[in-house]
Amino acid sequence: MVERAGGAKSDPEHPGRSRPIDLKTDVPHSARIYDYLLGGKDNFLADRQAAAEITKDWVNLPTSMRANRDFMSRVARHLAAEHDVRQFLDIGAGLPTSPNLHEVAQEVAPESRIVYVDNDPIVLVHARALLTSDPAGRTAYVDADLRDPEAILGSPQVRETFDLGRPIALSLIAVLQFICDEQEAHTIVRRLMEPLPAGSILVLTTVTADHAPDEVNGGVATYNARGIPTKARGKAEVERFFDGLELLDPGVTLVSHWHPDDEARAMDDMHVHMYGGVALKP
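Residues numbered from 1 in each chain as written. Predicted model: local features only at pLDDT ≥ 70, side-chain atom pairs only at ≥ 80, totals over all residues. Heavy atoms only, no water.

**Digging into the packing of helix α1 (residues 30–37) against helix α2 (residues 45–57)**
To keep things clear, this is the line we draw: Only C-alpha atoms enter the line fits that serve as axes; for helices the fit covers just the stretch in contact. Angles between N-to-C directions range over 0 to 180 degrees. By the criteria applied, helices consist of DSSP H or I runs no shorter than four residues and strands consist of E runs no shorter than two, each listed in order from the N terminus. If an angle is under 35 degrees, it is roughly parallel; if it is over 145, roughly antiparallel; if it lies from 65 to 115, roughly perpendicular; otherwise it is oblique. What makes two residues a contact is simply this: any of their non-hydrogen atoms within 4.5 Å. Only Asp, Glu, Lys and Arg are considered charged, only Ala, Val, Leu, Ile, Met, Phe, Trp, Tyr, Cys and Pro nonpolar, and every remaining residue, Gly among them, polar.
Their axes nearest at 9 Å, the elements α1 and α2 cross at an angle of 70°. For the element pair α1 / α2, the angle class is roughly perpendicular. Taken together, the residues of α2 that come into contact with α1 (itself represented by R32, I33, Y36 and L37) are D47, R48, A50, A51, I54 and T55. In terms of residue class, the contact of α1 with α2 is built from 6 nonpolar, 1 polar and 3 charged.

Written as structure tokens, this is what we have:
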């Protein structure tokens, strides 16, 4: 079962008719840069120009992005198979890139339910690709901002798709690097996790410069110069996001080290610039 994308902008002058969505194609956007560097087609000249400039310094960014995407797939499969998780809230979903989270989870457990959240207009346009649920399960999409946890958790899509009394896996994959203020970032995570029931799980990845400081810091500086605030964090900083939770093995580590498959094991640590972790709410 699927639920159509929420947050469509209605036209007050023409009730029942949607207003055209402003994609701001002349301004680079992190989701579209990510899409371009993963080989996608849902991007524009401004995104491609920004990506070219960023990767002059951050040459291994596409490799790191792929490692991050593969981490998401391994985590979703692991949580569905080993922890019986059947509800996933994916904030900062980005543009559809197969396999999407629901495809991985529903391959293990077809009854899984997934709610995607993003605030990029082009993701909203393509949200139907995120709504191809197995008939036994359900997917939904919320057009909302990470900085407004209450709007996300209180949305009809979340309340109607999930059983809020059962554990939910909160996925914050490659989004917190765009929240540069530490207090704000921690407050967002706390406001999202506090209402979730015991047994819920936090899945988080974010950029680090620990293994390739010159390369990553150069790329981060270019992101910032292009108007996309970005921050790299050290391992101790990332671990603090999991305070009060029970980290699952192997703790906070490079995403390629988390329950690696053969492809992940073959990756050079110098080419992977994302820390990831998965933790249980007691």
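That was the structure; now back to the text.
**Concerning the nonpolar core**
Across soluble globular proteins, nonpolar side chains have a tendency to be buried as a group. Here is the rule we go by: The criterion is simple. A nonpolar core is a set of buried Ala, Val, Leu, Ile, Met, Phe, Trp, Tyr and Cys residues joined through side-chain atoms within 4.5 Å. To sort residues, take the accessible area from a 1.4 Å probe on protein chains only and compare it with the maximum for the residue type: under 20% means buried, over 50% means exposed, and anything in between is partly exposed.
In this structure, L89 and L172 are the most contacted members of the largest nonpolar core, which totals 87 residues. Top element by residues in this core is helix α3 (residues 61–82). It accounts for 9 residues. Among residues more than four places away in sequence, those in contact with L172 are I91, L146, V189, L192, L202, V203, L204 and T205.

**Let's talk about the pattern of salt bridges**
The cut-off we apply is this: Only one rule defines a salt bridge in this text: a Lys or Arg side-chain nitrogen within 4 Å of an Asp or Glu carboxyl oxygen.
In this structure the tally under the stated criterion is 11 salt bridges. For K231, the salt bridge goes to E182, with nearest N and O atoms at 3.0 Å. Pair noted here: K231 is in the loop between α9 (213–225) and α10 (235–239) and E182 is in helix α8 (residues 182–193), with a separation of 49 residues, a long-range link. By relative accessible area, which is 21% here, K231 ends up partly exposed. Residue D262 pairs with R265 through a salt bridge whose shortest N-O separation is 3.0 Å. With D262 and R265 both in helix α11 (residues 262–265) and 3 residues apart, the pair spans about one turn of that helix. The exposure classification of D262 matches that of R265, with both residues exposed.

**Overview of the pairing of strand β1 (residues 87–91)**
This is how it is decided: Pairs of strands are assigned from DSSP output, requiring at least two bridges between the strands. Every crossover in which the path from the first strand over the helix to the second runs clockwise, viewed with the strands pointing away from the viewer, is termed right-handed.
Of all 5 residues making up β1, 5 are buried, and the element is well covered by its neighbours. Where β1 lies against strand β2 (residues 113–118), 5 bridges are found, and the strand directions are parallel. Looking at β2, one finds that I91 is bridged to V117. Tracing the backbone out of β1, into helix α4 (residues 101–108) and back to the parallel element β2 gives a crossover that is right-handed. With 3 bridges connecting them, β1 and strand β4 (residues 169–173) associate as parallel partners. If you follow D90 over to β4, its bridge partner there is S171.

**Here's the deal with unusual backbone geometry**
When glycine is set aside, most residues are seen to have a negative phi, and most peptide bonds are trans. Here S98 and P99 are connected by a cis peptide whose omega angle stands at 0°. Geometrically, the link from D249 to P250 is a cis peptide bond, its omega value of 5° lying close to zero. Relative to the helices and strands, P250 resides in the loop between β6 (246–247) and β7 (253–254). Of note in the backbone geometry, A174 takes a positive phi value of approximately 55° without being a glycine. Summarising the element assignment, A174 is placed in the loop between β4 and α8. Non-glycine residue H259 carries a positive phi angle of around 40°.

**What about the packing of aromatic side chains?**
How two aromatic rings sit relative to each other is set out by the distance from centre to centre and by the angle between their planes. We count it as follows: Between 30 and 60 degrees the pair is tilted, below 30 it is stacked and above 60 it is edge-to-face, where a pair is any two Phe, Tyr or Trp rings, Trp via its six-membered ring, whose centres lie within 6.5 Å.
Taken as a whole, this structure holds 3 aromatic pairs when the rule is applied. Measuring from ring centre to ring centre gives 6.1 Å for W58 and Y223, while their planes differ by 75°; the resulting arrangement is edge-to-face. Highlighted residues: W58 in the loop between α2 and α3 and Y223 in helix α9, separated in sequence by 165 residues. Across this residue pair, the class does not change: W58 and Y223 are buried. A network of ring pairs unites the aromatic residues W58, F178 and Y223 as a single cluster.

**Describing α9**
The α-helix advances 3.6 residues per turn, and as a result positions three or four apart in sequence lie on the same side. Stated formally: A helix's residues, less one, multiplied by 1.5 Å, set its expected span.
For α9, spanning 13 residues, the distance from its first C-alpha to its last is 18 Å, which sits close to the expected 18 Å at 1.5 Å a residue. Along α9, the positions that sit buried rather than exposed are E215, V216, G218, G219, V220, T222 and Y223. Positive backbone phi, at 85°, marks G227, one or two positions downstream of α9.

Spatial relationships are all this shows, so hold off on functional conclusions.
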